[in-house]
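These are the residues of each chain, in order.
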Amino acid sequence: MYRILIIVGILAVAAVAGIHLLTVGLRRPRFQDAKTVTRFGLWQRAVHALLAATFLVLFLTGFGSALSGKPMHGYVLMLHATCAPPFIIALMAMALTWAHDCRYQQHDLTLLQACPLCRTEPVQAGKFNAVQKTFFWLSCLLALPVILSSVLSMFPLAGTAGQHLLLDIHKFTTLLMTVTVLGHAYFQTLGRPGTWQVMTSGKVSSQWADKYAPLWRQKEGA
Amino acid sequence: MHTTSHSCSAAGLSFQGIAAKVAVAVCAAATFALAQPNPDHPHGSRAPAVHRIPLVSYQKTAVKGDANVPFSVEYTCMQCHGVHKMRSGWHFNAIPAQKQAYRVEPSGTKQYARFTLALTLGDQTAEVSYTAQEQSLKAAVKGLVAAVQAGQGPWQQVVATGDGEKVTVTAKEPGVEFKLVGKADIQAPTSAAATQAAASGKKPNLDVKAVSDARPYPPSGRPGEPWVLADRITGTQLPLSYRPWKGVYSPRDIKMTNWRFAQRFGRQFPGGGVGTMDAEKETEPDQRWELSGKLEIHCQACHSGSFKENMSHWALNVDRGNFKWAAVASSPFGVVQGNVLALPEMALPEELDPATNKDVPRVYYNKTQFVSNPNLSTEEVYFHATNRMPAERCYFCHGSHDVAEDAAPIWKHDRDVHMTSGLSCADCHRNGLDHNMVRGYEGESDDAALATLTCRGCHYGEGISKAMQGRLGAPYPAHKGLPTVHLEKIACTGCHSGPMPAAQAQLVQTARAHALGVHEKHGADPVLPLISSPAFLKGHDGKIAPHYVMYPAFWARVEGDKVTPINPAEVAAAGKEFLPFAKPKQKLQDVPMPTSEQIAKTMAAMNEGRKAEAPEVVYIAGGKLYRLDEKKALVGVVHEAAKPVSWPMGHDVRPVGRALGAGGCSDCHTTTAAIFFSTVPTLSPVKIEEPRQVPMYELQGADGTYWSLFAQSFVFRPMLKTVALACSGIIALVLLAFVVKAVAALCGKFAPSAPRKD
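All figures in this text were calculated on a predicted structure; none of them were measured in a lab.

Some words on the overall build of chain A
Right, so step 1: Along its length, chain A carries eight helices and two strands.
Right, so step 2: In summary, chain A has a C-alpha radius of gyration of 19 Å against a globular reference of 17 Å for 222 residues, a match within 12%.
Right, so step 3: On the principal axes, the C-alpha backbone points of chain A span a range of 55 × 35 × 30 Å.
Right, so step 4: Taken across its 222 residues, chain A has 48% of its residues classed as buried.

Side note on the overall build of chain B
Right, so step 1: Scanning chain B from N- to C-terminus turns up 25 helices and 27 strands.
Right, so step 2: Counting all 758 residues of chain B, 46% fall into the buried class.
Right, so step 3: Once local pairs closer than 6 in sequence are excluded, the contacts in chain B between residues at least 24 apart make up 64%.

What about the interface of chain A and chain B?
By a frequent convention, interface size equals the accessible area lost on bringing the separate parts together.
Right, so step 1: Of the residues lining the interface, 41 residues belong to chain A; the matching set on chain B comes to 38 residues.
Right, so step 2: Across the chain A to chain B interface the summed buried area is about 3,600 Å²; carbon plus sulfur atoms make up 74%.
Right, so step 3: On the chain A side of the interface with chain B, the three residues burying the most area are A:Met78, A:Met154 and A:Thr160, jointly 17% of the side's total.
Right, so step 4: Summed over the shared surface of chain A and chain B, the result is seven residue pairs in polar contact (both at pLDDT 80 or more).
Right, so step 5: Per element, the largest residue contribution to the side of chain A that touches chain B is 11 residues, and it comes from helix α3 (residues 74-98) of chain A.
Right, so step 6: Here the side of chain A that touches chain B is composed, by residue class, of 28 nonpolar, 11 polar and two charged.

Digging into the sheet that holds strand β25 (residues 645-648) of chain B
Through backbone hydrogen bonds, the strands of a sheet pair up, either in parallel or in antiparallel fashion.
All names here are of chain B.
Right, so step 1: The antiparallel open sheet is built from five strands, whose spatial order is β16-β17-β18-β19-β25. Strand pairing shows two members of the sheet lacking a second neighbour, β16 (400-402) and β25, which therefore form its edges. Here the strands of the sheet are splayed against their neighbours by 45° on average, with no regard to which way each runs.
Right, so step 2: As paired strands, β16 and strand β17 (residues 506-510) are joined by three bridges and run antiparallel to one another. Bridge pairing in β17 links His401 to Gln509.

Notes on the domain arrangement of chain A
Residues and elements named next belong to chain A.
Right, so step 1: Each assigned domain of chain A is listed with its residue range as follows: domain 1 (42-98) and domain 2 (104-114 + 129-216).
Right, so step 2: When each unit is reduced to the centre of its C-alpha atoms, the spacing between domain 1 and domain 2 is 14 Å.
Right, so step 3: Taken together, the contact between domain 1 and domain 2 spans 13 residues of the former and 17 residues of the latter.
Right, so step 4: Of all residues in domain 1, the largest losses of buried area upon contact with domain 2 belong to Arg45, Phe55 and Phe63, amounting jointly to 40% of the total for that side.
Right, so step 5: Linking domain 1 to domain 2 there are zero salt bridges.
Right, so step 6: Viewed at the interface, domain 2 and domain 1 are joined by one residue pair in polar contact (both at pLDDT 80 or more).

Some remarks on a nonpolar patch on the surface
Residues and elements named next belong to chain A.
Right, so step 1: Side chains of Ile7, Leu11 and Leu67 sit close together on the surface and give an oily, nonpolar patch of about 270 Å² of accessible area.
Right, so step 2: With respect to the helices and strands, the residue Leu11 is situated in helix α1 (residues 2-23).
Right, so step 3: Residue Leu11 is classed as exposed on the basis of its relative accessible area, which comes to 54%.

Description of the packing of aromatic side chains
Right, so step 1: In the structure shown here, the tally under the stated rule is 36 aromatic pairs over all chains.
Right, so step 2: Judged by centre distance (6.4 Å) and plane angle (40°), the rings of B:Trp90 and B:Trp245 are tilted. Note that B:Trp90 is positioned in the loop between α4 (83-86) and β4 (113-121) and B:Trp245 in the loop between β11 (236-240) and α7 (258-265), a separation of 155 residues in sequence. For the pair B:Trp90 and B:Trp245, a shared accessibility class is recorded, and that class is buried.
Right, so step 3: If you follow B:Arg717 out to its NZ or CZ, it ends over the ring of B:Phe714, 4.1 Å from the centre.
Right, so step 4: Against the face of A:Phe155 rests B:Lys721, its NZ or CZ located 4.9 Å from the ring centre.

Let's talk about the side chain of B:Asn317
Right, so step 1: Within the secondary structure, B:Asn317 sits in helix α10 (residues 311-319).
Right, so step 2: Residue B:Asn317 is classed as buried on the basis of its relative accessible area, which comes to 3%.

Side note on the confidence of the model for chain B
All names here are of chain B.
Right, so step 1: The share of residues in chain B with pLDDT of 70 or more is 75%, and the mean pLDDT across the chain is 79.
Right, so step 2: Below pLDDT 50 for its whole length, residues 118-126 participates in 35 contacts with residues either more than four positions away or in separate chains.
Right, so step 3: The ipTM assigned to the predicted complex is 0.92, against a pTM of 0.79.

Brief notes about the environment of B:Val617
Residues and elements named next belong to chain B.
Right, so step 1: For Val617, the location among the structural elements is in strand β22 (residues 616-621).
Right, so step 2: Looking at Val617, the relative accessible area reads 3%, which means it is buried.
Right, so step 3: It is 7.0 Å that separates the C-alpha atoms of Val617 and Trp555, two residues lying 62 residues apart in sequence.
Right, so step 4: Excluding residues within four positions of it along the chain, Val617 makes contact with Trp555, Ala556, Arg557, Ile566, Met603, Met606 and Asn607.

What to know about the packing of helix α5 (residues 130-151) of chain A against helix α25 (residues 717-747) of chain B
Right, so step 1: Closest axis-to-axis distance for the α5(A)/α25(B) pair is 10 Å, and the angle between their directions is 150°. Considering their axes alone, α5(A) and α25(B) lie roughly antiparallel with respect to each other. As for how α5(A) packs across α25(B), the hand of that crossing is left-handed. Residues A:Trp137, A:Cys140, A:Leu141, A:Ala143, A:Leu144, A:Ile147, A:Leu148 and A:Val151 of α5(A) touch α25(B), and the partners they reach there are B:Lys721, B:Ala724, B:Leu725, B:Ser728, B:Ile731, B:Ala732, B:Leu735 and B:Phe738.

Topic: the packing of helix α2 (residues 42-68) of chain A against helix α6 (residues 160-187) of chain A
Residues and elements named next belong to chain A.
Right, so step 1: Taken N-terminus to C-terminus, the directions of α2 and α6 make an angle of 130°; their axes are 12 Å apart at the nearest point. The angle between α2 and α6 falls in the class oblique. In this structure, α2 meets α6 at a crossing whose hand is left-handed. Between α2, through His48, Phe55, Phe59 and Phe63, and α6, the contact on the second element is made entirely by Thr174, Leu175, Thr178, Val181 and His184.

What to know about the pattern of salt bridges
Residue and element names in this part refer to chain B.
Right, so step 1: Counted under the stated rule, the structure contains 14 salt bridges over all chains.
Right, so step 2: As a salt-bridge pair, Arg557 and Glu570 come within 2.5 Å of each other at their nearest N and O atoms. Pair noted here: Arg557 is in strand β20 (residues 554-559) and Glu570 is in helix α20 (residues 568-574), with a separation of 13 residues, a long-range link.
Right, so step 3: The shortest N-O distance in the salt bridge between Arg627 and Glu616 comes to 3.0 Å. Here Arg627, found in strand β23 (residues 624-628), pairs with Glu616, found in strand β22; they are 11 residues apart in sequence, far enough to count as distant.
Right, so step 4: Residue Arg627 is classed as partly exposed on the basis of its relative accessible area of 28%.
Right, so step 5: Bridged by salt links that share partners, the residues Glu442, Arg456 and Lys543 form one connected network.

Quick word on the pairing of strand β18 (residues 531-538) of chain B
All names here are of chain B.
Right, so step 1: Extensive coverage of β18 is indicated by the burial of seven of its eight residues.
Right, so step 2: Bridge count for β18 against strand β19 (residues 544-550) is five bridges, and the pairing is antiparallel. Pairing of Lys538 across the sheet is with Ile544, part of β19.
Right, so step 3: Where β18 folds back onto β19 in an antiparallel hairpin, the turn is made up of five residues, including Gly542, whose phi is positive at roughly 80°.

A word on unusual backbone geometry
Residues and elements named next belong to chain B.
Right, so step 1: With an omega of -5°, the peptide bond between Leu528 and Pro529 qualifies as cis.
Right, so step 2: Relative to the helices and strands, Pro529 is located in the loop between α19 (511-514) and β18.
Right, so step 3: With omega at -5°, the peptide bond leading from Ser533 into Pro534 counts as cis.
Right, so step 4: One can find Pro534 in strand β18.
Right, so step 5: A positive phi angle, close to 65°, is found at Lys60, a residue other than glycine.

Topic: the sheet that holds strand β1 (residues 51-53) of chain B
Residue and element names in this part refer to chain B.
Right, so step 1: Strand order across the open sheet formed by three strands is β1-β15-β14, with antiparallel pairing between neighbours. On the outer flanks of this sheet lie β1 and β14 (371-373), each paired with one strand and no other. Strand-to-strand twist of the sheet, defined as the mean angle between neighbouring strand axes without regard to direction, takes the value 35°.
Right, so step 2: Judged from the three bridges that link them, β14 and strand β15 (residues 378-383) form a sheet pairing that is antiparallel. The partner of Val371 across the bridge, within β15, is Glu380.

Definitions and cut-offs
Residues numbered from 1 in each chain as written. Chains lettered and ligands numbered in written order. Predicted model: local features only at pLDDT ≥ 70, side-chain atom pairs only at ≥ 80, totals over all residues. Heavy atoms only, no water. Helix = DSSP H or I, 4+ residues; strand = E, 2+ residues; numbered from the N terminus. Rg over C-alpha atoms; globule rule 2.2 N^0.38 Å. Buried < 20%, exposed > 50% of the residue type's maximum accessible area, 1.4 Å probe, protein only. Contact = heavy atoms within 4.5 Å. Buried area = accessible area lost by both parts, 1.4 Å probe. Polar contact = N/O pair within 3.5 Å; in protein donor to acceptor, adjacent residues only side chain to side chain. Nonpolar A, V, L, I, M, F, W, Y, C, P; charged D, E, K, R; others polar. Pairing = 2+ DSSP bridges. Axes fitted to C-alpha atoms, helices over the stretch in contact; angles between N-to-C directions. Domains from an automatic or database assignment. Salt bridge = Lys/Arg side-chain N within 4 Å of Asp/Glu carboxyl O. Patch = residues over 30% accessible without salt bridge, like charges linked within 9 Å, V, L, I, M, F, W, Y side chains within 5 Å. Areas by Shrake-Rupley, 256 points an atom, 1.4 Å probe, with all protein chains shown as cover. Phe/Tyr/Trp six-rings, centres within 6.5 Å; stacked < 30°, edge-to-face > 60°. Lys NZ or Arg CZ within 6 Å of the ring centre and 35° of its normal. pLDDT = per-residue confidence, 0-100. Parallel < 35°, antiparallel > 145°, perpendicular 65-115°, else oblique. Left-handed = near helix turned anticlockwise from the far one by under 90°.

What follows is the structure, encoded as structure tokens:
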């Protein structure tokens with residue numbers, strides 16, 4: 001059952017991403033101007049890189065084992081358990097770093113009220129648009145059951161039934177978080193060309209900023 | 001009176017004989033009448049059945065207090081109980097029932113084909129053959145079907161049908177399985193017939209197809225404790241069993257007759273099985289069935305509720321070959337004198353006179369135990385028989401104790417927690433009339449009432465029968481903080497059973513291997529075999545569980561990959577110039593064991609003149625196979641046949657507070673934890689090399705580096721918990737703070753969409 005849900009979840013993200021790419025993503029402009037603006041500083045890039053790297057390992061080890069139908073064990077389990085603490089720390093850092101920028105604003109309603117995925121025209125957006133903010137808050141929200149379901153199982157609190165419940169919570173919330181993260185990953189790479197460079201250089205072109213984060217651009221310009 | 005007596009004697013029957021037979025007949029009829037309904041069928045009463053019954057001899061005559069013949073347990077108990085139904089029970093079914101081949105001999109000189117069906121029962125194969133004069137498959141199948149149906153062997157409850165192309169064999173009783181392998185074996189008969197066949201050009205190409213996958217007895221199931229043939233002089237500790245368990249050999253592999261097996265090991269099994277099989281057919285010189293009689297099922301070995309039932313005397317008499325006297329000797333009714341093994345080898349029963357030969361077994365009954373019953377014109381004795389056997393009866397054959405130098409004495413050990421809670425062995429290890437006992441491991445049975453008689457079944461019920469949860473008052477395990485993967489990887493016994501593990505598995509003696517509880521340990525070496533426990537190995541289900549472990553030591557012939565053990569007697573004879581020997585009346589534990597030099601010389605002698613293609617004689621011990629190099633020195637190599645043999649340890653179950661894990665993760669997840677890092681020494685009767693300490697992870701086939709790294713990661717576990725909880729708290733606070741802000745904004749106004757001024 002869980003294996004089917006994993007496959008369905010990942011395929012659903014891929015399907016939505018594919019449709020979006022064909023209908024919207026491919027029509028979006030590629031910005032070539034040399035003028036750039038700094039969007040992420042070193043700290044933000046480090047947090048993001050840590051999050052991405054640890055998530056990738058946890059995703060591969062966790063869902064790899066689940067898809068194989070066997071309990072996670074051996075070096076895979078060790079890798080999973082080793083990457084979990086930095087991921088947790090990175091999640092906390094993420095919450096502290098971007099929570100302020102991810103507050104919903106009145107202008108976010110414009111995007112949320114329409115079909116946020118289908119819009120190609122410029123929107124009013126601060127540093128992050130409403131979709132990004134939603135991904136952020138969903139990630140923060142899901143982080144709690146993901147972390148606690150794992151950590152609480154290490155305390156002598158839950159019996160066998162409780163352990164099963166905690167494991168199930170861990171499995172299903174990680175699946176939801178994975179869907180969220182994969183969606184985020186798509187929209188910040190293929191879905192919106194010119195965005196992924198923030199992960200490496202921390203900069204985007206000024207045209208990109210004017211188009212996708214005009215309010216933040218105004219603020220930065222000011 | 002005189003005339004009558006005389007006439008009866010003339011007819012070959014004495015008055016006493018007739019009277020005895022009449023008495024038994026009357027008594028049997030009365031017993032049956034009184035016992036209605038048949039006690040083998042539950043009559044609903046929970047009150048114990050009182051067994052004051054007459055004893056019946058092997059000649060089916062009544063045995064009185066002044067008799068000097070043994071009583072037959074089977075005939076005595078069979079007055080009411082269907083003993084024949086019990087023969088397929090777990091304690092008696094290691095060896096299948098008597099094998100029998102059916103053959104229709106050819107007549108005339110025509111070409112014929114012999115068709116054979118091999119009936120496979122565990123590692124035993126019996127054949128049903130039919131010889132057809134014509135090459136007609138239909139005729140052959142018909143003949144085979146008839147042969148199977150007429151069979152008296154283990155397949156007698158089989159209905160066979162043949163449609164001309166295949167034979168289908170099914171058991172009459174549900175649940176009885178049978179494996180039938182069919183083959184058509186075209187014989188090359190007499191030379192005349194072969195010539196005729198060749199001339200006719202008729203070469204039948206027939207194939208009797210098989211058929212069903214079944215056997216009449218329960219499968220051998222999870223490996224259990226094998227019998228161990230220990231012999232100091234040749235440095236042998238060879239695991240034997242008629243059950244095809246991994247790592248054990250069949251007694252037939254060393255040409256051990258059923259009689260010798262029963263004499264050697266019958267001390268600690270309750271008769272039946274090998275003690276009654278093939279008695280008439282065994283013709284090897286190493287058997288004395290005519291004198292010893294059969295070693296019948298000894299009901300009271302298990303069912304006696306009396307501590308007067310002395311199984312040590314049973315063991316003594318089995319060791320002496322007094323098979324049919326052993327039950328009397330163990331009973332409170334009589335004493336046995338004599339020793340079949342001391343009788344001349346070629347002696348026949350009719351030649352032996354107990355009056356002149358003290359070694360001829362003779363019974364002296366305790367007359368005070370016999371009560372005259374005028375109603376039945378016979379005498380009766382009281383059997384304290386119970387179907388709620390005390391654990392002490394089981395302990396005679398099933399038990400162990402530590403013999404390590406620093407081992408705590410028995411009185412310091414605690415009993416199994418189930419025993420202290422008031423259960424007895426038979427509360428879980430139950431059986432019906434067929435005596436197919438519940439062994440109590442998972443997967444043994446699909447019947448919820450039986451499948452729940454396991455650790456998990458009683459305590460959890462989950463996956464088997466939730467309704468049976470808490471059976472026998474079993475508490476539901478909390479297992480708080482124990483990740484569920486442990487329940488998938490470790491058997492319940494892994495944490496809960498056996499002695500608390502130490503850094504090294506300890507030497508133990510088991511009841512069956514070392515004749516515990518037997519006076520003077522007849523026929524058993526108090527030292528050999530060298531068995532260690534607890535060893536944490538993967539069991540038949542792949543889960544880690546505590547086991548007993550023994551590195552086999554034996555002489556063998558090796559031909560390619562095939563290793564065939566050699567009977568120690570053969571080795572002793574071949575190496576009598578080199579091997580140590582027992583002095584007259586020397587105690588077994590004082591007999592020296594051979595040195596590596598003696599082993600090498602014996603091996604050289606046994607391989608002398610060996611042709612290149614002939615099997616090589618080797619010695620296997622301590623985890624290695626030893627052979628001679630060019631310099632006639634022993635060289636050891638790792639070999640599959642030298643791997644340790646193991647069997648699971650189900651008891652003694654420790655209470656929750658003394659289970660592994662009760663002290664936290666570090667009970668098992670440290671770099672010194674017994675479950676992975678304690679060791680088992682490669683003990684050998686002969687010191688050829690220093691024993692190697694084999695870590696548990698190696699025996700489990702696991703990666704030691706991984707378990708070491710994993711254990712070390714637990715150093716950081718508290719830090720991980722702290723960090724994770726702290727991070728969760730901070731994330732929660734962030735969420736809470738912004739939710740509050742959002743709610744405040746929603747209640748008042750949205751935050752300004754323009755860039756903030758601050």
